[in-house]
Amino acid sequence: MKKGQVYVGTVERVAFPNKGLVRTEEGETAVVKHVVPGQKVSFSVKKVRKGKGEGRLLEVLEKSPLELEQAPCAYFGVCGGCAFLNLSYSRQLELKVQQVRELLEPVIEAAHPAKGFAEVFEGAKESPRQLAYRNKMEFSFGDSYKDGPLALGMHKRGSFHDIVTVAGCKIVDQDFSDILLATLEYFQGYGEEGVPYYHKYSHKGYLRHLLVRKAVKTGEILVDLVTSTQIGEEEGALLEGFQKALLGLGLEGRIAGILHTQNDSLADAVIDQGTRVLYGVDYFYEELLGLRFCISPFSFFQTNSLGAEALYETAREFIADAGKGKVVYDLYSGTGTIAQILAPVARKVIGVEIVGEAVEAARENAAANGLPNCEFLAGDVLKVLDGIEAKPDFIVLDPPRDGIHPKALEKIIRYGVGQMLYISCKPTSLARDLEVLQARGYAAERICCVDMFPFSANIETVVKLTHKNLTA
């Protein structure tokens, strides 16, 4: 294969996370994203490494027998948000489970050949809600084509610049679309020429992002307009009009707060360089498994509230009585959701999280939920562990996508606890860490997937580990 050449081939399989293996009519193979097994596609070669090609999808020439006749969203294939919206939910779940199995089965069976993967793997739990499940969206301002009119929504697939205005997006409810359209129409119609968006190359312009969060249980909504500081005295009137445009909407939920965040960083990301409240408050409440959580605009919280309940119920079931009356470490604890779910039966739960805002939120939520036996520490797990006096009887691991730092993993193993629970959002990282844990005496006792992200390529995996030479 040579860079720039165009080939036609059939997708044989799709590996995590959305990497299709395409075999060409000439018998060569290449990796192409955004495909499903059975499709006949054309692609151009982007690069060739060690004789293996990586291609960019040009066109689906023939649909796969697995595909739906019509995807339920008009933006699918144009918007870069969803990977498998052209498959039924059962089909995409089968595909995700297959990918997890391909990654974990050889790892599990290499360490414990007498115990097959099928004996410990319990399949996947569905998201309780497949459509309109997300409680958070970060929309970007831009244009749908060069020098076109103002747009607000998601990046086009494969594009750093072009924006698709995704009113009617299927993974959020109607309130998100109403807020998106009201915001876009307001800034398009302001003054004679509208309000300029922030250009990524020239670093000039005002409008950057729109952050919308909505609780499933309480219906409370938080809206945050993210802009640069490149505006004159008219900003006060501009933001007052924006506030009125949102408050005039007939939403199903209730707006708890409208915020304005300033961000002059060069990075194309939502970065808080100062936030003020335009209306209401700078937080909202969500409820999970009978507990109440206060969520700020930038604090981490699972994007699928009902799916999070399924995930944490699975975690609680796997732990059962293992943490009863004991000291539990909740490492990479985020806003302390897992810690607070375990706290009623544990003697003490100690959470460690590197994001200071999340730690503060965890402390406040634990106090509000009447859980005095929760302690939350801010800092890198690798460093913070050395300063904790109380030693753990049980450890919960819920690391970020890249998994656990090798040095931190060694420290965790040296505690010598009889059982651990590992919750992973990236099975490739999980497979790598499992190899280390198994080499040090731990064995997977139970494995279950929980689908937190319908129509995406991602899935959560929960693993209960037991040490063969240690008592729990």
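Rules used in this analysis
- Residues numbered from 1 in each chain as written.
- Predicted model: local features only at pLDDT ≥ 70, side-chain atom pairs only at ≥ 80, totals over all residues.
- Heavy atoms only, no water.
- Helix = DSSP H or I, 4+ residues; strand = E, 2+ residues; numbered from the N terminus.
- Buried < 20%, exposed > 50% of the residue type's maximum accessible area, 1.4 Å probe, protein only.
- Polar contact = N/O pair within 3.5 Å; in protein donor to acceptor, adjacent residues only side chain to side chain.
- Contact = heavy atoms within 4.5 Å.
- Pairing = 2+ DSSP bridges.
- Axes fitted to C-alpha atoms, helices over the stretch in contact; angles between N-to-C directions.
- Parallel < 35°, antiparallel > 145°, perpendicular 65-115°, else oblique.
- Nonpolar A, V, L, I, M, F, W, Y, C, P; charged D, E, K, R; others polar.
- Salt bridge = Lys/Arg side-chain N within 4 Å of Asp/Glu carboxyl O.

This next bit is on the side chain of asparagine 373. Summarising the element assignment, asparagine 373 is placed in the loop between helix H7 (356–368) and strand S18 (374–378). On the basis of relative accessibility, which here comes to 16%, the residue asparagine 373 falls in the buried class. Polar side-chain contacts of asparagine 373 include one of 2.9 Å to the backbone oxygen of alanine 343. When neighbours within four sequence positions are excluded, asparagine 373 is seen to be in contact with Ala343, Ala346, Arg347, Lys348 and Val349.

Attention now moves to the pairing of strand S4 (residues 40–49). Across five bridges, strand S1 (residues 6–15) lies against S4 in antiparallel orientation. Directly across from glycine 9, in S4, lies its bridge partner valine 41. Remark: two residues form the turn of the hairpin made by S4 and strand S5 (residues 52–62), two consecutive strands paired antiparallel; lysine 50 in that turn has positive phi of roughly 50 degrees.

Topologically, aspartate 173 is positioned in the loop between strand S9 (163–164) and helix H3 (174–188). One polar contact links the side chain of aspartate 173 to the main-chain amide nitrogen of aspartate 175, over a distance of 3.0 Å.

Take the packing of helix H1 (residues 89–111) against helix H10 (residues 427–439) next. In a packed pair of helices, the relevant descriptors are the angle between the two axes and the axis-to-axis distance. Contact geometry of H1 with H10 gives a least axis separation of 9 Å together with a crossing angle of 5 degrees. Between H1 and H10, the crossing angle belongs to the class labelled roughly parallel. Across the interface between the two elements, Val100, Leu103, Leu104, Val107, Ile108 and Ala111 of H1 pack against Pro427, Thr428, Leu430, Ala431, Leu434, Glu435 and Gln438 of H10. When its residues are assigned to classes, the contact of H1 with H10 shows 10 nonpolar, two polar and one charged.

Turning next to the sheet that holds strand S16 (residues 327–331). With mixed pairing, eight strands are arranged side by side in an open sheet as S6-S21-S22-S20-S19-S16-S17-S18. In this open sheet, the two edge strands, each paired with only one partner strand, are strand S6 (121–125) and S18. This sheet shows a mean twist of 15 degrees between the axes of neighbouring strands, independent of strand direction. Relative to strand S22 (residues 460–467), strand S21 (residues 442–450) runs antiparallel, the two sharing eight bridges. Across the sheet, residue alanine 443 finds its bridge partner in S22, namely threonine 466. In the packing of H10 onto the sheet, contacts are made with strand S20 (419–424), S21 and S22, and the angle to S20 comes to roughly 160 degrees.

All right, on to the pattern of salt bridges then. Counted according to the given criterion, the structure contains 21 salt bridges. With a closest N to O distance of 2.7 Å, glutamate 102 and arginine 13 form a salt bridge. Of the two residues, glutamate 102 sits in helix H1 while arginine 13 sits in strand S1, which places them 89 residues apart along the sequence. Look at arginine 13 and you get partly exposed, because its relative accessible area is 33%. The salt bridge partner of arginine 440 is glutamate 410, with a shortest N-O separation of 2.3 Å. A residue pair is termed long-range when its members are at least 10 positions apart, and arginine 440 in the loop between H10 and S21 and glutamate 410 in helix H9 (residues 406–414) qualify at 30 residues. Within the structure, one salt-bridge network assembled from shared partners comprises Glu122, Lys125, Glu317 and Arg446.

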